[in-house]
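# Fold and geometry: a report
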Amino acid sequence: MSKDLKKIVVAIDGPAGAGKSTVSKALAKDLGLSYLDTGAMYRSLALKAQRLGLVGADEEGVASLMSTTSITFGTGDPQPVFLDGEEVTADIRTAEVSEFASAISAHSSVRRALVARQQDLVATGGVILEGRDATTVIAPNADLKIYLTASLEERARRRRIEFEQKGETGDFETVRQQIENRDHRDITRNDSPLRVAEDAVIVESGGVPVDQVIARIKELL
Ligand code: DC
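Attention in this report is confined to the structure presented alongside it.

Criteria and cut-off values
Each residue is numbered by its place in its chain's sequence as written, counting from 1. Where totals are concerned, whole chains, interfaces and linings use all residues; where local detail is concerned, this predicted model gives features only for residues with pLDDT of at least 70, and gives and counts side-chain atom pairs only at 80 or more. Side-chain measures here rest on the full set of heavy atoms in the structure, leaving out hydrogens and waters. We define proximity as follows: a residue is near a molecule or strand when any one of its heavy atoms falls within 4 Å of that partner. Counting of polar contacts relies on pairs of N or O atoms within 3.5 Å, with two restrictions inside protein: one atom must be capable of donating a hydrogen and the other of accepting it, and residues adjacent in sequence are counted only when both atoms are side-chain atoms. With residues, only the protein chains shown are counted as cover, and all accessible areas are computed by Shrake-Rupley using a 1.4 Å probe. The way it works is that DSSP assigns letters per residue, a run of H or I at least four long becomes a helix, a run of E at least two long becomes a strand, and they are numbered from the N terminus. Polar here means any residue other than Ala, Val, Leu, Ile, Met, Phe, Trp, Tyr, Cys and Pro, which are nonpolar, and Asp, Glu, Lys and Arg, which are charged; Gly is therefore polar. Whenever a helix is involved, its axis is fitted only over the stretch in contact; in every case the axis is a line through C-alpha atoms, and angles between N-to-C directions fall within 0 to 180 degrees. These descriptions rest on fixed angle ranges, namely under 35 degrees for roughly parallel, over 145 for roughly antiparallel, 65 to 115 for roughly perpendicular, and the rest for oblique. Contacts were defined at the residue level, with two residues in contact if any of their heavy atoms lie within 4.5 Å. Any two strands are treated as partners once DSSP identifies two or more bridges connecting them.

Quick look at the site of the ligand now. Within the structure, the ligand sits among 14 residues, and Thr38, Arg43, Arg111, Asp133 and Arg182 are positioned closest to it. Side-chain polar atom of Arg111 to an oxygen atom of the ligand: 2.8 Å apart, as the coordinates give it. Coverage of the ligand by the protein chains reaches 97% of its 440 Å² of free accessible surface. Here the shell around the ligand gets 4 residues from one element, more than from any other, and that element is helix α2 (residues 38-51). A breakdown of the residues in the shell around the ligand according to their chemical character gives 2 nonpolar, 5 polar and 7 charged.

Direction vectors running N to C along α2 and helix α4 (residues 95-104) enclose 100°, while the axes themselves pass 8 Å from each other. One way to sum up the angle between α2 and α4 is to call them roughly perpendicular. Facing α2, whose interface residues are Tyr42, Arg43, Leu45, Ala46, Leu47, Ala49 and Gln50, α4 presents Glu96, Val97, Ser98, Phe100, Ala101 and Ile104. Here the residues of the contact of α2 with α4 are counted per class, giving 9 nonpolar, 2 polar and 2 charged.

Take the sheet that holds strand β8 (residues 201-204) next. The pairing of strands in a sheet happens through backbone hydrogen bonds and is either parallel or antiparallel. In spatial order, the strands read β2-β6-β1-β7-β8; together these 5 strands make up an open sheet with parallel pairing. At either margin of the open sheet sits one strand with a lone partner, and together these are β2 (34-37) and β8. The mean inter-strand angle of the sheet, taken between neighbouring strand axes irrespective of direction, is 25°. Running over the sheet, α2 touches β2 and β6 (127-130) and is turned about 45° from β2. Those strands touched by helix α9 (residues 210-220) are β1 (9-13), β7 (144-149) and β8, and its axis lies near 160° from that of β8.

What follows is the structure in structure tokens.
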């Protein structure tokens, strides 16, 4: 790989359950680049707020926490996440934290604080970043912007399998409804709604093996 490729920034956007994490992680590993899971940052802040007894609607309270919060990543799969030095890798993946993270991600001041932190992390390059404003807000000048997508049914099916693997239950209809609600919230929110960036390439992940999705993205690179 040329030196330039080692400095590239690839931004991967898309709706819940489209396979952003799986694809981003695999691509980062394949290319020897770092992987930035921006959703884990919302989740970590949500966990901290929740532990402190804040409510999701407390925009200023949650946003102001960021100035005294450290969120860092280790290496490994799953990628270890540290909140103020404490490993919270599993704690940030519960359904409760997912809901809280979704609620706080609708607040502009929370987003501003997190986006600033994310842009610092991306500035040096050599990053595959993932998140639903990765291509539109965090890294609009990324070398490659991908909008990964799959049908609602396929995304719900994957989420359900993920829940089962964690020992959580959820019948298909409930999971499907949760994803549909999240889509609606993400698409209609005022600040940084989920949308396809103008020069993003739409990549379909439904029914396509991960290695083929990776091959397609590498081709685009
Ligand atoms: O991708 P995820 O499920 O881990 O994200 C957790 C929540 O944070 C989800 O509700 C979407 C939100 N999020 C966001 O608004 N912007 C990002 N860049 C990443 C995640």
